[in-house]
Amino acid sequence: MNFAELAANLDRMEATTKRNELVAILSEVYAACTPDELRPITYLIQGRLAPFFEPVEIGLGERLLINAVAAAYQVPKVEVVKLNKQVGDLGATVQRLAPGGPRDTPDVVDVHSRLSEIAAAGGGGSQERKLDTFIGLLNDLDAISAKHLVRITLGKMRLGIGDPTVLDALSFARKGDRTLRPVLEGAYNRTSDLGLIARTLWDTGEAGLEALKVRAGHPLRPQLAERLPNPEAVIKKLGMVGVQPKYDGLRVQIHKEGQEVSIFSRNLESMTEMFPELVSAAAKLDVTNVILDGEAIAYNPESDEYVPFQETTARRRKEGIQEFAESVPMRAFIFDVMFRDGTDLTPLPYERRFEIARELIRDSETLQTAPLMKTDSADVLTRELLDNISRGLEGVVAKRLDSPYQAGARNFNWVKLKRNTSGQLTDTIDVVLLGYYRGKGKRAEFGAGALLAGVYDADKDEFATITKLGTGLSDQGWREIHGRLSSLEVAEKPARVSSNFVPDIWLEPAIVVEVLADEITPSPRHTAGMTASGPGFALRFPRIVSMRTADKKPEDATSVREIREMYEQQRQPGRNRPR
Ligand code: ATP
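Residues numbered from 1 in each chain as written. Predicted model: local features only at pLDDT ≥ 70, side-chain atom pairs only at ≥ 80, totals over all residues. Heavy atoms only, no water.

## A word on the overall build of the protein
When its secondary structure is counted, the protein shows 21 helices and 22 strands. Against the globule reference of 25 Å for 579 residues, the protein gives a C-alpha radius of gyration of 24 Å, in line with a compact fold. Counting only C-alpha atoms and orienting by the principal axes, one finds that the protein spans roughly 75 × 60 × 55 Å. For the protein, the residues scored as buried account for 58% of the 579 residues in total. Within the protein, counting contacts between residues at least 6 apart in sequence, those at least 24 apart form 70% of the total. If you average the places of the 76 positive and of the 82 negative side-chain charges in the protein, the two averages end up 5 Å apart. (Helix = DSSP H or I, 4+ residues; strand = E, 2+ residues; numbered from the N terminus. Rg over C-alpha atoms; globule rule 2.2 N^0.38 Å. Buried < 20%, exposed > 50% of the residue type's maximum accessible area, 1.4 Å probe, protein only. Contact = heavy atoms within 4.5 Å. Lys, Arg positive; Asp, Glu negative; His and termini not counted. Charge placed at Lys NZ, Arg CZ, Asp CG, Glu CD.)

So, in structure tokens, the structure goes:
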């Protein structure tokens, strides 16, 4: 497929706000692909060159791209900067500056491989080489293609193609309907690689997808925990459970393949570079290949105390990793094993997997197994919960001992019990910032008065509003948040946002914020959970607790399904009983 043909379809996608149309156009693109084009196209449409978990970055930011555009189109740089300020989107700016008329554009595989060359360039003079290749590409493309090339390079597609939309489009392209979705989703949960899944479906069909197994080096989507209101409800629903402390650190999936170790975050980003001490501990494990699941938490070796989540995540900055590794080293509490010596362990019961993890780890300072105790008594579970909270932990996770590891599922295999500061058992909600209001008086000085926030609706692959946020941040907090928002501002409501509110400024959904609220209430205006016949949901008295950008993508925010369940749970008698 010619890149111009792909770009014309991307333009069609940009023009629609209807998800069904988006799926239909994307499925037409897939139907017109040759097998070799499937992987590149799948990554390109999401502003990537490789699956999300591979740390491949093109490495040309807006500043460098402006230089490239000025050179390619021979216009003064100040003009590019000025127009870009007016238009507010470098892609659209480039479209205006590019010479008119059609071109014989290269095919998508060629464009993908030239961008990959740019990404791979390193060492002395690499910046010039990157720019030269990019300028060459711009000169080969027509205006619309150039617009999308720039957006791909910046990773800002403005199309609203989330992973569920890709899965639906693949199903439509092969079957004409959505029926392949469950088998596609299963393969996706095990491999997290949409490009691989597309190619496998074309090459070997449904059977091929079923045969795509868990493998070291490919993160699987993490098993997640459900909520129940109190220990009694947990024992009633699950019976005998395994109980573990809930550590407030960072989820880590540790992969070892030969001597190669990789570490992935909760949202499957590569974090290998950040945790050298975990890498060297994992390299010493006596196995050919393995995948472990755990929670990493930084501690102070002087006082032997764990440090708060914020400090644990401070390492995400690239500088000073080695100093961090010495002053606040990481420990990982391992609670699961999904793969060992070539065997997929996910179907085994949890109790057995945990035993295998224990045999494997033989606790070192850095890698330890999370303690596990068994009980079918609500009193014992309550004691465990309170005991862990008094030791400064977040709460407990109760696990069904006979459950398999269900990649990507949030279900009752695992149930989390936490306690908030008011002494009630409730959970926080992770919302995505969708826009903001400028505010008045003092707030206006900080740049943002109130924030419009939403949750993720996986069925519709969209973000639906649930609340406005105005409290919980210090003055400094407001300033900081505004600083982060500026790069996400967009002129119009983004494609995947469903809202009856119109904030002063719309934001590309990216920032996840943890909020605590008193209650979930029905709402005639907020769109979260809204149906043709029923109201949506809103949060009562929401306040910001923390920023969760470190480990959550917007799609990892609390989902509409969870909000509905939490709403049902809070209506049950006995919920949130103060203890
Ligand atoms: P939270 O905000 O509660 O961390 P979450 O959306 O990140 O929520 P949940 O599924 O709600 O994830 O809770 C499970 C999370 O708790 C895991 O992702 C993991 O990071 C953390 N965790 C800490 N200790 C454990 C444990 N012993 N077993 C499983 N998960 C644990």
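Still more ground to cover, so stick around.
## As for the domain arrangement of the protein
Along its sequence, the protein is carved into domain 1 (3-154), domain 2 (224-418) and domain 3 (429-570). Measuring from the centre of the C-alpha atoms in domain 1 to the corresponding centre in domain 3 gives 30 Å. (Domains from an automatic or database assignment.)

## As for the site of the ligand
Residues in close proximity to the ligand total 18 residues, the closest being A225, R251, E295, K416 and K552. Between the ligand and K246 there is a distance of 3.0 Å, counted from an oxygen atom to a side-chain nitrogen or oxygen. Of all elements in the fold, only β1 (224-227), β2 (241-246), β11 (395-400) and β12 (410-418) reach the threshold of two or more residues within the shell around the ligand. At four residues, β12 tops the list of elements feeding residues into the shell around the ligand. For the shell around the ligand, the per-class residue count stands at seven nonpolar, one polar and 10 charged. (Near = heavy atom within 4 Å. Polar contact = N/O pair within 3.5 Å; in protein donor to acceptor, adjacent residues only side chain to side chain. Nonpolar A, V, L, I, M, F, W, Y, C, P; charged D, E, K, R; others polar.)

## Overview of the nonpolar core
Membership of the largest hydrophobic core comes to 70 residues, with the highest contact counts inside it found for Y73, L115 and F134. At eight residues, the largest contribution of residues to this core is made by helix α4 (residues 62-73). Those residues in contact with L115 that lie beyond four places of it in its chain are L44, L49, I58, F134, L137, L149, I152 and T153. Core analysis: the next-biggest nonpolar cluster, separate from the first, contains 31 residues, I263, M274, L292 and A332 among them. (Core = buried A, V, L, I, M, F, W, Y, C linked by side-chain atoms within 4.5 Å.)

## Some points on the pairing of strand β21 (residues 536-540)
Most of β21 is tucked away: four of the five residues are buried. Note that strand β20 (residues 519-523) and β21 share five bridges and pair antiparallel. When the sheet's bridge partners are listed, E519 is paired in β21 with R540. (Pairing = 2+ DSSP bridges.)

## Description of helix α7 (residues 108-120)
The terminal C-alpha atoms of α7, which comprises 13 residues, lie 18 Å apart, in line with the 18 Å expected from a rise of 1.5 Å per residue. Taken together, the buried positions of α7 are occupied by V108, V111, H112, R114, L115, I118 and A119. An end-on view of α7 places all buried positions within 165° of arc, on one side of the element. Of the residues flanking the start of α7, the one acting as N-cap is D107, its side-chain oxygen 3.2 Å from the backbone nitrogen of V109. (Expected span 1.5 Å × (residues − 1). Arc of directions from axis to C-beta.)

## A short note on the sheet that holds strand β10 (residues 373-375)
One open sheet accounts for five strands, arranged β1-β12-β11-β2-β10; its pairing is mixed. Edge positions in the sheet fall to β1 and β10, since each has one partner strand and no second. Going from strand to strand, the sheet's axes swing by 40° on average, the running direction of each strand aside. Bridge analysis of β11 against β12 gives five bridges, and the strand direction is antiparallel. Residue pairing for β12: G395 is matched across the bridge by K418. Against the sheet, helix α13 (residues 231-238) touches β2, β10, β11 and β12, its axis set at about 160° to β12. (Axes fitted to C-alpha atoms, helices over the stretch in contact; angles between N-to-C directions.)

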